[in-house]
Amino acid sequence: MNIGDRVRLLTGREQGIVTRILSDELVEVAIDNDFTIPVLRREVVVVAADEDKAFGRQGPPPVTPHRAKAGKHKPAKPAPVSAAASATTPAAGSAPAQAEQPAPPKATVPQPAAKGLYLALSHQSPELLSVHVINNTDREVLYTYGEENKGRYRALRADKLGAKAVSGALGHLHLKDFDQWPAAVVQLLPHQINSDTAYELLTKRTQFKATSFYSSRREAPVLGREAYLFQLDEKPAAPVAPEKLAETLQAQLSGNAPAKPAAVAPAPEPAKAIKAPPHEVDLHLEALRPEGGEDLSNTAILKLQLEVFEDTLSRALATNMHEIVFIHGSGSGTLRKEIHKLLSRNKDIKFFEDSKKEKFGYGATLVRLK
């Protein structure tokens with residue numbers, strides 16, 4: 001039994017995912033409705049994929065490595081025509097309508113994902129995330145994944161990842177424990193069989209912060225679904241000059257020089273604990289800058305208000321708040337419009353509405369968080 005295995009409780013019908021090995025006899029299981037419980041190993045059994053298939057049950061989405069296949073595209077099915085639409089369409093042989101109907105808007109073509117190496121955190125449930133390494137390049141990659149917590153490093157997985165492939169689950173993280181998440185340390189060595197180019201080792205340390213974590217959610221290349229993405233090779237691995245590589249190998253084989261370890265960037269200061277914002281947040285300029293803001297233009301004031309709004313919303317999500325009220329005033333409605341635009345694009349928002357009209361009128365917005 002390993003972390004990430006899907007298991008079923010022998011004492012009931014509940015299924016869940018093993019998230020921690022607590023001891024030789026005890027494991028922690030995240031049940032599908034997101035609460036975790038300690039369970040004796042003898043009271044759970046691993047659910048095989050064949051079992052779900054045999055009984056017609058829907059299993060969890062696959063996260064095993066896969067490759068993108070080119071040249072096999074299924075034609076899109078034509079959209080069904082409603083009765084109302086068919087009634088307005090002229091029959092064959094009849095005179096065309098005098099007013100020409102405007103052409104339907106062209107479907108937007110999704111932009112190809114940028115090549116590179118990524119660390120991806122994908123939802124297995126609303127509160128449980130699985131960690132993956134994505135290789136969206138044309139070369140194979142040797143990688144090591146580990147965690148650094150309180151200054152101590154622990155290597156967890158090491159493997160080879162093919163081109164255009166994604167690793168299996170390397171670990172699991174709970175959103176409720178966001179403040180205690182360790183830093184992820186990934187070492188990467190690109191290579192290609194029969195290639196005449198050698199590359200330097202890449203080492204990337206990622207410390208997750210609430211201010212940037214939720215804005216990193218987007219469509220993950222190769223994985224094929226949304227995830228929180230962090231690029232590991234902003235600076236691609238530099239090729240090693242052949243003469244330098246030969247000198248290094250000769251020195252190491254002769255014993256004259258020890259192997260030089262890969263340089264790891266110094267660990268930044270530990271992130272401060274995230275403090276939950278108040279239930280009501282006033283975005284008026286006099287509340288944000290009591291000393292006055294006569295020197296600020298309207299554009300600068302709006303930018304300041306939106307920065308405070310985004311930071312407050314991120315802290316509310318990171319601390320699992322259920323709702324929060326933003327007091328933006330009525331005025332010209334510019335700030336309210338910008339806030340509603342940002343909220344409508346955020347998939348972690350359940351809904352938002354005008355708050356306490358009898359008190360604020362249309363000058364405040366209530367936001368319900370998922």
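Counting from 1, residues in each chain are numbered in the order their sequence is written. Selection of residues for local features in this predicted model requires a pLDDT of at least 70, selection of side-chain atom pairs for listing and counting requires 80 or more, and totals for whole chains, interfaces and linings are taken over all residues. As a rule here, side-chain values come from all non-hydrogen atoms in the structure, and water together with hydrogens is ignored.

- Going by what an unreviewed UniProt entry lists, the protein is known as Smr/MutS family protein and is assigned to Hymenobacter yonginensis.

**So, helix α6 (residues 298-318)**
For step 1, the next point in the chain: Strands are runs of DSSP state E lasting at least 2 residues, helices are runs of H or I lasting at least 4, and numbering of each runs from the N terminus. Here the expected span of a helix is defined as 1.5 Å times the quantity of residues minus one. For α6, with 21 residues, the first-to-last C-alpha span of 30 Å sits near the 30 Å given by 1.5 Å per residue.
For step 2, the next point in the chain: Partly exposed describes any residue whose relative accessible area lies between the buried limit of under 20% and the exposed limit of over 50%, with all areas from a 1.4 Å probe on protein chains only and scaled to the type maximum. Looking at α6, one finds that the buried residues are I301, Q305, L306, F309, T312, L313, S314, A316, L317 and A318.
For step 3, the next point in the chain: Taken from the residues just after α6, N320 is the one with a positive phi, measuring 60 degrees.

**What to know about the nonpolar core**
For step 1, the next point in the chain: The definition of a nonpolar core used throughout is a set of buried Ala, Val, Leu, Ile, Met, Phe, Trp, Tyr and Cys residues joined through side-chain atoms within 4.5 Å. Counting 45 residues, the largest nonpolar core has L119, L121, W181, L188, F208 and F213 as its most contacted members.
For step 2, the next point in the chain: Here the element with the most residues in this core is α6; it accounts for 6 residues.
For step 3, the next point in the chain: In this description, contact between two residues means that some pair of their heavy atoms is separated by no more than 4.5 Å. Here F208 is in contact with L119, L121, F178, W181, P182, A184, F213 and F230, once residues within four sequence places are set aside.

**A short note on the pattern of salt bridges**
For step 1, the next point in the chain: Take a side-chain nitrogen of Lys or Arg and a carboxyl oxygen of Asp or Glu: if they are within 4 Å of each other, that pair is a salt bridge. Within this structure, the stated rule accounts for 10 salt bridges.
For step 2, the next point in the chain: Of the charged contacts, one joins R315 and D311 as a salt bridge, the two residues approaching to 3.2 Å between their closest N and O atoms. With a gap of 4 residues between them, R315 and D311 both fall in helix α6, about one helical turn apart.
For step 3, the next point in the chain: Judged by its relative accessible area of 23%, R315 falls in the partly exposed class.
For step 4, the next point in the chain: According to the relative accessible area criterion, D311 is partly exposed, its value standing at 30%.

**Examining the environment of M321**
For step 1, the next point in the chain: Along the polypeptide, M321 turns up in the loop between α6 and β19 (323-327).
For step 2, the next point in the chain: Once the C-alpha coordinates of M321 and P277 are considered, the two residues, 44 residues apart in sequence, prove to be 8.9 Å apart.
For step 3, the next point in the chain: The contact partners of M321, leaving out residues within four places of it in the chain, are A276, P277, P278, H279, A316 and L369.

**Focus: the sheet that holds strand β21 (residues 364-369)**
For step 1, the next point in the chain: Pairing between strands requires that DSSP locate at least two bridges from one strand to the other. Here we have 4 strands laid out as an open sheet, ordered β18-β19-β21-β20, and mixed in their pairing. At either end of the open sheet lies a strand with only one pairing partner, and these are β18 (280-282) and β20 (349-354). Direction aside, neighbouring strands of the sheet carry axes that sit 20 degrees apart on average.
For step 2, the next point in the chain: Pairing geometry for β19 and β21, over 5 bridges, is antiparallel. When the sheet's bridge partners are listed, V325 is paired in β21 with L366.
For step 3, the next point in the chain: Axis definition: a line fitted to C-alpha atoms, limited for helices to the stretch in contact. Angles are taken between N-to-C directions and run from 0 to 180 degrees. Taken strand by strand, α6 contacts β18, β19, β20 and β21, and its axis lies near 170 degrees from that of β19.
For step 4, the next point in the chain: Helix-sheet contacts for helix α7 (residues 334-345) involve β20 and β21, and the interaxial angle to β20 is about 160 degrees.

**With respect to the side chain of H191**
For step 1, the next point in the chain: Mapped onto the elements, H191 comes out in strand β12 (residues 183-191).
For step 2, the next point in the chain: By relative accessible area, which is 19% here, H191 ends up buried.
For step 3, the next point in the chain: Excluding anything up to four places from it in sequence, H191 contacts R139, E140, V141, L142 and K160.

**Topic: the packing of aromatic side chains**
For step 1, the next point in the chain: Aromatic rings from Phe, Tyr and Trp, with only the six-membered ring used for Trp, were paired whenever their centres fell within 6.5 Å, and each pair was classed as stacked if the ring planes differed by under 30 degrees, edge-to-face if by over 60, and tilted otherwise. Summed over all chains, the structure comprises 12 aromatic pairs.
For step 2, the next point in the chain: Aromatic side chains W181 and F213 sit 5.5 Å apart centroid to centroid with 80 degrees between the ring planes, which places their arrangement in the edge-to-face category. Here W181, found in the loop between β11 (171-174) and β12, pairs with F213, found in helix α3 (residues 210-213); they are 32 residues apart in sequence, far enough to count as distant.
For step 3, the next point in the chain: Judged by relative accessible area, F213 falls into the buried class, the value being 0%.
For step 4, the next point in the chain: With a centroid separation of 6.1 Å and 20 degrees between ring planes, the pair formed by F213 and F230 is classed as stacked.

**Topic: the confidence of the model for the protein**
For step 1, the next point in the chain: Across the protein, the average pLDDT comes to 76, with 69% of residues at or above 70.
For step 2, the next point in the chain: Residue-level confidence of the predictor, termed pLDDT, takes values from 0 up to 100. Ranking the helices and strands of the protein by mean pLDDT puts strand β10 (residues 165-166) first, with 94, and helix α2 (residues 83-88) last, with 42.
For step 3, the next point in the chain: Low pLDDT, under 50, characterises residues 59-102; the stretch is placed with 26 contacts to residues that sit more than four places away or in other chains.
For step 4, the next point in the chain: This stretch, residues 104-112, has a pLDDT under 50; its non-local contacts, to residues over four places away or in other chains, come to 0 contacts.

**A few points about the packing of α6 against α7**
For step 1, the next point in the chain: It is the contact of α6 with α7, at a shortest axis distance of 11 Å, that shows an interaxial angle of 35 degrees. Considering only the axes of α6 and α7, their crossing is right-handed. Across the interface between the two elements, L302, Q305, L306, F309, E310 and L313 of α6 pack against T334, L335, E338, I339, L342 and L343 of α7.
For step 2, the next point in the chain: Basically, the charged four are Asp, Glu, Lys and Arg, the nonpolar ten are Ala, Val, Leu, Ile, Met, Phe, Trp, Tyr, Cys and Pro, and anything else, Gly included, counts as polar. When grouped by side-chain class, the residues that make up the contact of α6 with α7 number 8 nonpolar, 2 polar and 2 charged. When the near helix sits turned anticlockwise from the far one by under a right angle, the crossing is termed left-handed; a clockwise turn instead gives a right-handed crossing.

**Re α7**
Note that an α-helix has 3.6 residues per turn; residues three or four places apart therefore point the same way.
For step 1, the next point in the chain: Spanning 12 residues, α7 covers 17 Å between terminal C-alpha atoms, matching the ideal 16 Å at 1.5 Å per step.
For step 2, the next point in the chain: Where α7 is concerned, the buried positions are L335, I339, H340 and L343. Down the axis, α7 shows its buried residues gathered within 130 degrees of arc, on one side only. Along α7, the residues that are exposed and aim more than 90 degrees away from the buried face are K337, S344 and R345. By definition, the arc is the one covered by directions from the helix axis to the C-beta atoms.

**Here we look at the environment of S125**
For step 1, the next point in the chain: Structurally, S125 is set in the loop between β6 (116-123) and β7 (128-136).
For step 2, the next point in the chain: S125 sits in the buried class, given a relative accessible area of 14%.
For step 3, the next point in the chain: Placed 94 residues apart in sequence, S125 and I31 show a C-alpha to C-alpha distance of 9.3 Å.

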